[in-house]
Amino acid sequence: MTPRAPIVLDSDPGIDDAVALQYLLGTGLWDLKAYTSVGGNLPAEQTYLNARALARAMRIDTEVPVHRGAGRPLTRLPYRVAADFHGPAGLGDETLPDSTAAHPTESSAQALLRLSREYEGELTVCATGPLTNIAIALLEDPAVARRVGRFVFMGGAAQVPGNITPVAEFNMWADPDAAELVLSSGIPFTMVDLDASHRWLFRPADLAALEAAGPGTALAARLLRVYMEAYRRSGGDGTCPLHDPLAVGVCADESFVTLAEGAVIVESAAELTRGQTVFVPASAGRIYYPESPALTARARLTGRVALGPGPRDFTKDFVATLQLWPSAG
């Protein structure tokens, strides 16, 4: 049997973060070493409590430590949270009991640093919220960028409009300084952005399948019903994108998306374009910004960016895989 690969899930739960955790566990592919929280969809204390409650609901809280993350963006005042989509406490209409596990003394960033040393070259880090924790770890020890084997994050919009402003996706907008620090660090990144996640939709038939699957997927079905309704209220068609689960999926199988090599530069200087992710494709075959040596050098720090869906059906895999790890919620 192939040993499960070590992974850290850095998250700001959040409805889609919650079902991303259940999906990750259902794949059976990962040895989840830590579930690290960060402020994002809700303030940091609430996302930490949500992460603990979800760890209990997923029956992993006696084995997987949940760490408290950064309480605010690196250099900015706290941002507006996304309670309109995720509910006042972040998990729709749910009130889940807290875990009885001890509260770790390590912060999210400290846990990431320790695990990057213990599993150097092997560790996958999947981030589904703002990149504040990752940036703090890099500020403390820049070498974490070369110790992490793979870094996959949900965020950004390479060639499509944003979802919090016309040009910015929420996670990048929430802490653009952290995002730029991370993406300019040399870490081997894969950006799973709105270009791809808006193409993998969860539909009413998928919800019906989860509701029919029994009590193990009842919590996920209730959460996703709230999420679908939030998108409907915002002018949608009754479906919802699978943002965070898709990032988890890409950690194991890149055929869920179509990837391109290039640099991603995050705008953090102007409020109008705060959090915009400027994609500079490596295939362009030209030198951009020749009048600016600094920008030319920055554009050489490349990773991989999802520009759309891939050949494998992610929504189908998501619905099937959730059923493989029944929740107790």
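Residues numbered from 1 in each chain as written. Predicted model: local features only at pLDDT ≥ 70, side-chain atom pairs only at ≥ 80, totals over all residues. Heavy atoms only, no water.

In this section: the side chain of D177. Examined against the element boundaries, D177 turns out to sit in helix α8 (residues 176–183). On the basis of relative accessibility, which here comes to 19%, the residue D177 falls in the buried class. For D177, the side chain forms a polar contact with the side chain of T75, separated by 2.9 Å. When residues no more than four places from it in sequence are discounted, the contact partners of D177 are L74, T75, R76 and S268. (Helix = DSSP H or I, 4+ residues; strand = E, 2+ residues; numbered from the N terminus. Buried < 20%, exposed > 50% of the residue type's maximum accessible area, 1.4 Å probe, protein only. Polar contact = N/O pair within 3.5 Å; in protein donor to acceptor, adjacent residues only side chain to side chain. Contact = heavy atoms within 4.5 Å.)

Moving on to the pattern of salt bridges. Applying the stated criterion across every chain yields a total of 19 salt bridges. Between R114 and E106 there is a salt bridge, and its shortest N-O distance comes to 2.8 Å. For E106, a relative accessible area of 22% translates into the label partly exposed. A salt bridge links E211 to R225; the shortest N-O distance between them is 2.7 Å. Here R225 lies in helix α11 (residues 218–233) and E211 lies in helix α10 (residues 204–212), a separation of 14 residues in the sequence. For E211, a relative accessible area of 42% gives the class partly exposed. (Salt bridge = Lys/Arg side-chain N within 4 Å of Asp/Glu carboxyl O.)

Okay, the sheet that holds strand β2 (residues 30–37) next. If you walk across this open sheet you meet the nine strands as β3-β2-β1-β4-β5-β6-β11-β9-β10, and the pairing is mixed. With partners counted over all chains shown, the strands left at the sheet margins are β3 (66–67) and β10 (277–281), one partner each. Looking at chain direction, strand β9 (residues 257–266) and β10 are connected through five bridges and run antiparallel. The residue of β10 that forms the bridge with I265 is V278. Where helix α4 (residues 108–118) meets the sheet, its contacts fall on β1 (5–11), β2, β3 and β4 (124–127), and the angle it forms with β2 comes to roughly 150°. (Pairing = 2+ DSSP bridges. Axes fitted to C-alpha atoms, helices over the stretch in contact; angles between N-to-C directions.)

Turning our attention to the packing of aromatic side chains. Throughout the structure, instances matching the rule amount to nine aromatic pairs. Measuring from centroid to centroid gives 5.9 Å for Y23 and F318, while their planes differ by 40°, and the two rings are tilted. Taken as a pair, Y23 in helix α1 (residues 15–27) and F318 in helix α14 (residues 314–322) lie far apart in primary sequence, 295 residues in all. For Y23, a relative accessible area of 2% translates into the label buried. On the basis of relative accessible area, F318 is assigned to the buried category, the value being 0%. Considering the side-chain rings of F151 and F153, the 5.6 Å spacing of their centres and the 20° angle between planes classify their relative orientation as stacked. Across this residue pair, the class does not change: F151 and F153 are buried. Counting every residue linked through ring pairs, the aromatic cluster contains Y23, F202, F256, F314 and F318. Across from the ring centre of W173, 4.4 Å away, lies the NZ or CZ of R274, which sits over that ring. (Phe/Tyr/Trp six-rings, centres within 6.5 Å; stacked < 30°, edge-to-face > 60°. Lys NZ or Arg CZ within 6 Å of the ring centre and 35° of its normal.)

A word on the packing of α1 against α14. For any two helices packed against each other, one specifies the inter-axial angle together with the distance between the axes. It is the contact of α1 with α14, at a shortest axis distance of 8 Å, that shows an interaxial angle of 80°. By the angle between their axes, α1 is roughly perpendicular relative to α14. When α1 is examined against α14, the residues V19, Q22, Y23, G26 and T27 are found in contact with a partner set consisting of F314, D317, F318, T321 and L322. Here the contact of α1 with α14 is composed, by residue class, of five nonpolar, four polar and one charged. (Parallel < 35°, antiparallel > 145°, perpendicular 65-115°, else oblique. Nonpolar A, V, L, I, M, F, W, Y, C, P; charged D, E, K, R; others polar.)

We now examine the pairing of β2. Here β2 lies mainly inside the structure; six of its eight residues are buried. Bridge count between β1 and β2: seven bridges; the pairing is parallel. Paired with V8 across the bridge in β2 is A34. At this point the chain moves from β1, through α1, to the parallel β2, and the crossover so formed is right-handed. (Right-handed = clockwise from strand over helix to strand, strands pointing away.)

One finds L21, L32, F202, L246 and F318 to be the most contacted residues of the largest nonpolar core, which totals 58 residues. Non-local contacts of F202, meaning those with residues more than four positions away in its chain, are made with L207, L210, L224, M228, T239, C240, L242, T315, F318 and V319. Counting 33 residues, the second-largest nonpolar core is a separate cluster that includes V8, L112, A127 and A179. (Core = buried A, V, L, I, M, F, W, Y, C linked by side-chain atoms within 4.5 Å.)

Looking only at α4, the buried set comprises S108, A109, A111, L112, L113, L115 and S116. Buried residues in α4 make contact with β1, β2, β3, β4, α5 (132–140) and α6 (144–147).

A few words now on the packing of α1 against α11. For the pair α1 and α11, the least separation of the axes is 9 Å and the interaxial angle reads 150°. The angle between the axes of α1 and α11 places the two elements in the roughly antiparallel class. At the point where α1 passes α11, the crossing takes the left-handed sense. Facing α1, whose interface residues are I15, D16, A18, V19 and Q22, α11 presents A220, L223, L224, V226 and Y227. (Left-handed = near helix turned anticlockwise from the far one by under 90°.)

Turning next to α8. The element α8 is extensively covered by neighbouring structure, given that seven of its eight residues are classed as buried. Those residues of α8 not exposed but buried are P176, D177, A178, A179, E180, V182 and L183. In this structure, the buried residues of α8 make contact with α5, β5 (150–154), α7 (170–174), β6 (189–192), β9 and α13 (293–298).

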